[in-house]
Structures are given as C-alpha cells and as structure tokens.
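Listed below, chain by chain, are the residues.
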Amino acid sequence: GFRMVRFADDVTFVARKKFGAEKILTQAQDYLETHLGLSINMNKSGIHDVHTESVSLLGFDIEKGVVQPSKENIELCKESLLEVLSSPYTTEEKTELFYRTARSWGQYFHRAFFSHAADELENWIRTLKIEGRRVDKRLPICLTTCYGR
C-alpha cells in the first residue's frame, strides 16, 4: 500500500518499501503519459528514504524522519513579519496584523514539529528589536501565544 499527498501540480507517494515506491512511480508515469499526455519531470522526481535522506515537500523539510518547516519558508515568514513590523500602521494595527500573519504561518505548519521554528522566529524578532531596525519598540511580540504552545 501507499499514501498520496497532492497539492496543485505536486504529487508525492509514500510507500513503506523501496520496491513499492518504484512500482508506484512506474505506474504513475505510465498513467500520466498514456491517459493525460503528461510527463513526470524526472529531475524533480525520485525515490527517497526519509529516514536517511533529506526531502523537501510543500514547504516542509523531512530529515531523518523529522518533519519541520523548510528553511526557505522560515525566511519567507521572517520577511512577512518584518514587513508588518516595519509598516507605517499604528501599534494596535501592527499587533493585530502581526498575530494574524504569525497564526496563518502556524496553522499551515501546525502538523510539523514547530517549536524549534517558533523559537527561532521569536529570537530573530527580539534581535530586530534590539538592533532597532524600524521595529516599534512598544509592539508586544510572543510567537508562543500565536502558535498555542
């Protein structure tokens, strides 16, 4: 047996054994080419053992069986939060928008092991406040309340 994860044009099949994964890949490739006239980009496709290899999927990195938000998505989250913090809005508006933005990232990644990423983001924001990079010093920041830890 196998499980399938699909989002837009990204499809991932998860199988317990390498033989099963190879069979699924061959069947998917045959079906897509025969019935839909589509081809699989083999440069972006392959078979990976998530217990020994790093794999990226839909904004998540899977390494040694541990699922976390990808480093690229952590950086995108930082950019989004910095944009809010450096905006010309009032403190109240910034606070509301900050928590809404943080919650949306947290909701997307809620199934992943997120505490490390939340700690990293919170420490980054505190560094911004110390360095004074256009961050309103009165803005209360605590990601842990946003993510419900």
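Before reading on, note that the structure itself is shown above.
Here's a quick rundown of the structure. On a predicted model such as this, the values are computed, not experimentally measured, just so you know.

Owing to its 3.6 residues per turn, the α-helix aligns residues three or four sequence positions apart on the same side. Spanning 19 residues, helix α1 (residues 18–36) covers 26 Å between terminal C-alpha atoms, matching the ideal 27 Å at 1.5 Å per step. For α1, every residue scored as buried is listed here: Ala-21, Ile-24, Leu-25 and Ala-28. Summarising the axial view, the buried residues of α1 lie within an arc of 100 degrees, below the 170-degree limit, and thus occupy one face. The exposed residues of α1 that point more than 90 degrees off its buried face are Phe-19 and Thr-34. Where α1 is buried, its residues meet β1 (2–7) and β2 (10–15). Following α1 by one or two positions, Gly-37 has its phi on the positive side, about 70 degrees.

Our next topic: the environment of Ser-87. Secondary-structure assignment places Ser-87 in the loop between α2 (71–85) and α3 (91–108). The buried category is assigned to Ser-87, whose relative accessible area is 11%. Polar contacts involving the side chain of Ser-87 include one to the main-chain carbonyl oxygen of Val-84, which spans 2.7 Å.

The first and last C-alpha atoms of α2 sit 21 Å apart over 15 residues, in line with the 21 Å expected at 1.5 Å per residue. Buried residues of α2: Asn-73, Ile-74, Cys-77, Lys-78, Leu-81, Leu-82, Val-84 and Leu-85, and no others.

This part is about the layout of surface pockets. Roughly 210 Å³ of volume is contained in the second largest pocket. Taken together, Asp-61, Glu-63, Val-66, Gln-68, Pro-69, Lys-71, Ile-74, Glu-75, His-116, Ala-117 and Glu-120 make up the lining of the second largest pocket. Looking at the lining of the second largest pocket, the elements that each hand over two or more residues are β4 (60–63), β5 (66–69), α2 and α4 (115–131). Of the residues contributing to the lining of the second largest pocket, the split by class is four nonpolar, two polar and five charged.

This brings us to the nonpolar core. Core analysis: the biggest nonpolar cluster contains 16 residues, and Cys-77, Leu-81, Phe-98, Trp-124 and Ile-125 have the highest contact counts within it. The element contributing the most residues to this core is α2, with six residues.

Take the side chain of Asp-61 next. Within the fold, Asp-61 resides in strand β4. An unpaired buried charge is present at Asp-61: no salt bridge exists, and Lys-71, the closest side chain of opposite charge, is 4.5 Å distant. A distance of 2.7 Å separates polar atoms of two side chains, one belonging to Asp-61 and the other to Ser-56. Leaving out residues up to four positions away in the same chain, Asp-61 has contacts with Val-55, Ser-56, Val-66, Val-67, Gln-68, Pro-69, Ser-70 and Lys-71.

What counts and what doesn't
- Residues numbered from 1 in each chain as written.
- Predicted model: local features only at pLDDT ≥ 70, side-chain atom pairs only at ≥ 80, totals over all residues.
- Heavy atoms only, no water.
- Helix = DSSP H or I, 4+ residues; strand = E, 2+ residues; numbered from the N terminus.
- Expected span 1.5 Å × (residues − 1).
- Buried < 20%, exposed > 50% of the residue type's maximum accessible area, 1.4 Å probe, protein only.
- Arc of directions from axis to C-beta.
- Contact = heavy atoms within 4.5 Å.
- Polar contact = N/O pair within 3.5 Å; in protein donor to acceptor, adjacent residues only side chain to side chain.
- 1 Å grid on protein atoms, 1.4 Å probe; cavity = no way out; pocket = protein on both sides within 12 Å on 5 of 7 lines; lining within 4 Å.
- Points joined across faces, edges and corners; volume = space filled by probe spheres on them.
- Nonpolar A, V, L, I, M, F, W, Y, C, P; charged D, E, K, R; others polar.
- Core = buried A, V, L, I, M, F, W, Y, C linked by side-chain atoms within 4.5 Å.
- Lys, Arg positive; Asp, Glu negative; His and termini not counted.
- Salt bridge = Lys/Arg side-chain N within 4 Å of Asp/Glu carboxyl O.

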